[in-house]
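# Observations on the model geometry
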Amino acid sequence: SSLRVVYAFAREMHPKTTDVFIQYGTAGFRTKASLLEHVVYRMGLLAVLRSRVKNGRTIGIMITASHNLEPDNGVKLIDPDGEMLEQSWEEIATRLANVSDNDLESTTGEIIKQVNADMSLKASVFIGMDTRYTSPRLAAAAVHGVMALKGTAKEFGIVTTPMLHFCVKCRNDNTYGTPSEEGYYEKIVGAFKNICQKLPVVGKYNTTLYVDGANGVGGKKLNIIKKTLDGELDLVLYNLGGNGGKLNLNCGADFVKVSQKPPVGVEHVPFQRVASLDGDGDRLVYYYLDDKNDMHLLDGDRIAILLASYITELLKACGASVSVGLVQTAYANGASTRYITDDLKIPVTCVKTGVKHLHHAALSYDIGIYFEANGHGTVVYSGHAKDSIRRVADEGDTEQRKSAQLLLNFIDVTNETVGDAISDLFLVETVLRARGISIQDWEKQYTDLPCRQLKVTVQDRNAISTADAERQCTAPEGLQTKINELVSRYPSGRSFVRPSGTEDVVRVYAEADTQESADKLAAEVAQAVF
Ligand code: 16G
Ligand code: ZN
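Residues numbered from 1 in each chain as written. Chains lettered and ligands numbered in written order. Predicted model: local features only at pLDDT ≥ 70, side-chain atom pairs only at ≥ 80, totals over all residues. Heavy atoms only, no water.

### Some remarks on the pattern of salt bridges
Summed over the entire model, instances satisfying the criterion amount to 32 salt bridges. The salt bridge involving aspartate 79 is made with arginine 50; its shortest N-O contact spans 2.8 Å. Linking aspartate 79 in the loop between strand S3 (72–78) and helix H3 (88–98) with arginine 50 in helix H2 (residues 37–53), this pair joins segments that are 29 residues apart in sequence. The residues aspartate 79 and arginine 50 share a single accessibility class, namely buried. With a closest N to O distance of 2.6 Å, lysine 356 and glutamate 90 form a salt bridge. (Salt bridge = Lys/Arg side-chain N within 4 Å of Asp/Glu carboxyl O. Helix = DSSP H or I, 4+ residues; strand = E, 2+ residues; numbered from the N terminus. Buried < 20%, exposed > 50% of the residue type's maximum accessible area, 1.4 Å probe, protein only.)

Structural data, given as structure tokens:
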């Protein structure tokens, strides 16, 4: 059959050259780029099957290893609504990635039967990649995989991960926007510019924003956007990949959050707010250095709260009855959870680490705001929420209409498909501008509890099981009792452990009333794990 030719071609062009087992994890497949070519080719095949199972709707393939260093790369699939690949397919992806070249044909055949893919249907796949030098070769392998099963591949070249999610969504739902990079700018940046027209600069808001681009794709795209902002926001961009700057090396959102240190490559000015993106542009944190050069970090928790409080304020002004809820993980600072619950009086759900879990939980609110502390997050709005706000925009009194129109622009700035550093940056800037506040004012909303993260290398990280959104440890026996005992010795103490989904380590998190206590508690819990 013609498929025979396809598999012979695969063996020639994208042979499996390693026996190392690889798993579709929280963020797709991720490892050394040199081990990925056959995996990406096979994801091209799988994307075609996925598209056919979804009646020919478009599927995305993104080549990126996000905040990892340059030698790594990765691949993940995007479902038709711009969301992460459905969980039940992760196992199928893992199976297909690991079979030998000899078994590739028969395994693909089995999968076609298992998922009931109608091979006579058309299939459409969008392919994007980050700035890694290994990405073009991998993207080509993906194209070959798509063509092999007679799907249509459309390449987007270098784009942020969230841009590709956006394009996939638009392709399958043209009410959401135009499926291109230009379409993304038009909708998201266009809506921000509309907001700027409505909201003059007031108070302590400073239109200058420094950006740490992590030497990745996000900074490059902001450099394009910058020229269209007509001075409404004056972006001063650093770490754009030139001058020998290395992707994610000592810079970017993950480095800033985990090390609690400012990135290299940024010229710091006291109290100047800086937005730090990760390598593929789906995470965002803010920070500033004070006059003693101490760093003040405003992470995903802070962003979530800023957005939630503003959305609530606008909804109130609209008089719309729409429920708002927030989704966090166990990594959310305890002070943030208390502030949301007690002061903002917004319900909070806590879920397991990993964007798909947060996204899913957020969909249960009319307006769901979800953020991981590491800066990955967005807002999702239900049809009911959008309709209610549109109705007020049409029928409300003058003040109500104004708030509703602002909220509609705010919705358009949002990339609802996935956390998006660029979209989130414009959302944050909107709120700071609307309120006429500085980054220090934003920080004053509440005080974070000091915290510490550690990683522990153990013989078998899977010996640790957790429950209750990873806040309780159910195995090995006795460990949770021990953690409880340690925690009880510290005022405002909290700690949990969980096996990492991306590295062969166990992660320990601790917070307490002082930094010394948080550090000590983390070390003691790490000792108990080990
Ligand atoms: C992945 C997840 C991220 C999560 C991180 C945890 C996605 C797209 N990314 O990067 O949300 O915070 O893993 O890593 O879901 P860990 O399991 O090693 O702590
Ligand atoms: Zn990322």
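### With respect to the state of the cysteines
By the definition in use, this model includes 0 disulfides. No disulfide involves cysteine 167; its nearest neighbouring cysteine sulfur is the one of cysteine 170, lying 6.3 Å away. With no disulfide partner, cysteine 196 has as its closest neighbouring cysteine sulfur the one in cysteine 318, 19 Å distant. Classification of cysteine 196 as buried rests on a relative accessible area of 3%. (Disulfide = S-S within 2.5 Å.)

### A short note on the pairing of strand S12 (residues 348–351)
Sheet analysis places strand S11 (residues 324–329) next to S12, joined by 4 bridges and oriented parallel. Looking across to S12, one finds that leucine 326 is bridged to valine 348. Note on the crossover from S11 through helix H11 (residues 334–344) to S12: the handedness is right-handed. (Pairing = 2+ DSSP bridges. Right-handed = clockwise from strand over helix to strand, strands pointing away.)

### Let's talk about the coordination of the zinc ion (ligand 2)
Binding of the zinc ion (ligand 2) to the protein goes through Ser66 (OG), Asp278 (OD), Asp280 (OD) and Asp282 (OD), at separations of 2.0 to 2.1 Å. Angles of 91 to 166° at the metal separate the 4 donor atoms of the zinc ion (ligand 2), which places the site in the irregular class. Spacing between the donor residues of the zinc ion (ligand 2) along the chain follows S-x211-D-x1-D-x1-D. For the pair formed by aspartate 278 and aspartate 282, the shared burial category is buried. (Donors = N, O, S within 2.8 Å, 3.2 Å for Na, K, Ca; no water. Tetrahedral: all angles 85-135°; square planar, octahedral: opposite > 155°, others 65-115°.)

### Remarks on the domain arrangement of the chain
Taken domain by domain, the chain holds domain 1 (2–158), domain 2 (184–297), domain 3 (300–422 + 431–443) and domain 4 (451–529). Between domain 1 and domain 3, the C-alpha centre-to-centre distance is 34 Å. Taken together, the contact between domain 1 and domain 3 spans 7 residues of the former and 8 residues of the latter. A buried area of about 580 Å², summed over both sides, lies between domain 1 and domain 3, and 62% of it is on carbon and sulfur atoms. Its largest share of buried area at the contact with domain 3, domain 1 owes to Thr26, Glu83 and Met84, together 61% of the area lost on that side. (Domains from an automatic or database assignment. Contact = heavy atoms within 4.5 Å. Buried area = accessible area lost by both parts, 1.4 Å probe.)

### Quick look at the packing of helix H7 (residues 181–198) against helix H15 (residues 421–435)
The N-to-C vectors of H7 and H15 enclose an angle of 5°; their axes lie 10 Å apart at closest approach. Between H7 and H15, the crossing angle belongs to the class labelled roughly parallel. Note on element contacts: H15 touches H7 through Ile422, Ser423, Phe426, Glu429, Thr430 and Arg433, opposite Tyr184, Ile188, Val189, Phe192, Ile195 and Cys196. Across the contact of H7 with H15, the residue classes break down as 8 nonpolar, 2 polar and 2 charged. (Axes fitted to C-alpha atoms, helices over the stretch in contact; angles between N-to-C directions. Parallel < 35°, antiparallel > 145°, perpendicular 65-115°, else oblique. Nonpolar A, V, L, I, M, F, W, Y, C, P; charged D, E, K, R; others polar.)

### Quick notes on the sheet that holds strand S10 (residues 295–298)
In a beta sheet, neighbouring strands pair by backbone hydrogen bonds and run either parallel or antiparallel. Taken in spatial order, the 5 strands line up as S7-S6-S8-S9-S10 in an open sheet, and their pairing is mixed. Looking at the sheet topology across the chains shown, the edges are occupied by strand S7 (234–238) and S10. For this sheet the average axis-to-axis angle between neighbouring strands, irrespective of direction, equals 30°. Of the strand pairs in this sheet, strand S6 (residues 208–212) and S7 are connected by 5 bridges, and their pairing is parallel. Of the residues in S7, the one forming a bridge with valine 211 is leucine 237. With respect to the sheet, helix H8 (residues 217–226) is in contact with S6, S7 and strand S8 (274–277), its orientation differing from that of S7 by roughly 150°.

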